[in-house]
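In case you want the letters, here they are:
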Amino acid sequence: MQTTSVEPASSLPLGQKRNKPSKITAERIISNSSALVLAAFFALPMLWMVLASVDHSASNQLKAPDLTAEHYWVAFQADNLVALGNSLLISVVATVIGTAAAFVAAYVFSKHNIPFKNPLLLTILFLSGVPISILIVPVYKMFATLGWLSIIPTGILLGVTAIPFQIYQLKNFIDAVPPELEEAAALEQASTLQILFRVVLPLTKPGLASSAIFGFVNAWGNFLMPVVLINSLANQPAPVHLFGFMGSNSIDYGAIAAYSIIYSLPVIVLFLGMSRQFKAGFSLGGAVK
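In this report, the structure presented in the accompanying data block is examined. Since we're looking at a predicted model, the values are computed, not measured.

## Some details on unusual backbone geometry
And step 1. The phi angle at Phe116 is positive, at roughly 55 degrees, despite the residue not being glycine.
And step 2. Relative to the helices and strands, Phe116 is located in the loop between α3 (78–111) and α4 (117–127).
And step 3. Classification of Phe116 by relative accessible area gives exposed; the value is 67%.
And step 4. A positive phi is found at Gln189, a non-glycine position, where the angle reads about 60 degrees.
And step 5. As for its placement among the helices and strands, Gln189 is situated in the loop between α8 (179–187) and α9 (192–203).

Here it is in structure tokens:
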């Protein structure tokens, strides 16, 4: 009897796929070119900022630096560091107030039947697109009447302005939590607050992380509200001090670049600290137990 041997379809090791040449199409060229242009728009200003911060004769042009550290000495002056502390206080207050309120509201909209739910959600969606600057005059008059022209009330207001968008962020995450988990907790006679904080909250950490980052950045980069609603110059945040480097006759580009780098560090640290929550995603395994 004649036997035949079957040759393997591929001589590549198991699990290794053959690389197929990608076909060059007009759509691929346009998408890649658009991505490169957008990357350049973001990368060039950042490159200028890094180079200008160590350039003795910094200007608004991108050029090789004449190395110096004097701009960082200016940026680390005591009043500038106090301004960074003021920004941090305002942003932390805004983040805590906004994220906590939005989490509770998102849970109610997601898991409970309330009257006029859809119209309320549409109203919240509309409010998330309304710029708070159009309300600056009545808000200022209210704050002045109540004696609230200070740093903490301003932080609370900035936290409130982020709530509509944060509600939509968190509602999408809470919608993904299986109702069986809440039913199992209810069978164990858990209260609504226990279900909210011991079942739903641990499973929506990625949503809380993204919502907290949005609330922090919303307050961290705000210029108009603090400059109008804080009557003490010593309590003004970093954006106001950053504006102070631009005089009527000259602009200190090097100090602006150095202070901008320092000013961006807390946001970078916050994002890196929250990145673990983004990578973790939803871990629902074993949650019923």
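Read on for the rest.
## A short note on the packing of aromatic side chains
And step 1. Applying the stated criterion across every chain, the model contains 8 aromatic pairs.
And step 2. Ring centres of Phe143 and Trp148 lie 5.7 Å apart, and the angle between their planes is 85 degrees; this geometry places the pair in the edge-to-face category.
And step 3. An angle of 40 degrees between the planes, with centres 4.6 Å apart, marks the rings of Phe165 and Phe214 as tilted. In this pair, Phe165 is assigned in helix α7 (residues 163–175) and Phe214 in helix α10 (residues 205–220), connecting sequence segments 49 residues apart.
And step 4. For Phe165, a relative accessible area of 38% gives the class partly exposed.
And step 5. Assessed through its relative accessible area of 29%, Phe214 is described here as partly exposed.
And step 6. Put simply, the rings of Phe216, Trp220 and Tyr263 pair up and form one aromatic cluster.

## Side note on the side chain of Glu182
And step 1. Inspection of the secondary structure assignment puts Glu182 in helix α8.
And step 2. With relative accessibility at 12%, the residue Glu182 sits in the buried group.
And step 3. Here Tyr107 takes part through its side chain, which lies 2.9 Å from a polar atom of the side chain of Glu182.
And step 4. The residues touching Glu182, leaving out its near neighbours within four places in the chain, are Tyr107, Lys111, Ile195 and Val200.

## Details of the pattern of salt bridges
And step 1. For the structure on display, the rule yields 3 salt bridges.
And step 2. For Asp55, the salt bridge is made with Lys63, and the minimal N-O distance between the two is 2.5 Å.
And step 3. Look at Asp55 and you get buried, because its relative accessible area is 3%.
And step 4. Taking the shortest distance from any N to any O, the salt bridge between Lys171 and Asp175 comes out at 3.1 Å. One end of the pair is Lys171 and the other is Asp175, both in helix α7 and 4 residues apart, which spans about a single turn.

## What about the side chain of Asn222?
And step 1. Examined against the element boundaries, Asn222 turns out to sit in the loop between α10 and α11 (224–229).
And step 2. Since its relative accessible area comes to 16%, Asn222 is described here as buried.
And step 3. There is a polar contact of 3.4 Å between the side chain of Asn222 and the backbone nitrogen of Leu224.
And step 4. There is a polar contact of 3.0 Å between the side chain of Asn222 and the backbone nitrogen of Met225.
And step 5. For Asn222, the residues in contact, after removing those within four places along its chain, are Leu158 and Pro239.

Procedures and definitions
Residues numbered from 1 in each chain as written. Predicted model: local features only at pLDDT ≥ 70, side-chain atom pairs only at ≥ 80, totals over all residues. Heavy atoms only, no water. Helix = DSSP H or I, 4+ residues; strand = E, 2+ residues; numbered from the N terminus. Buried < 20%, exposed > 50% of the residue type's maximum accessible area, 1.4 Å probe, protein only. Phe/Tyr/Trp six-rings, centres within 6.5 Å; stacked < 30°, edge-to-face > 60°. Polar contact = N/O pair within 3.5 Å; in protein donor to acceptor, adjacent residues only side chain to side chain. Contact = heavy atoms within 4.5 Å. Salt bridge = Lys/Arg side-chain N within 4 Å of Asp/Glu carboxyl O.

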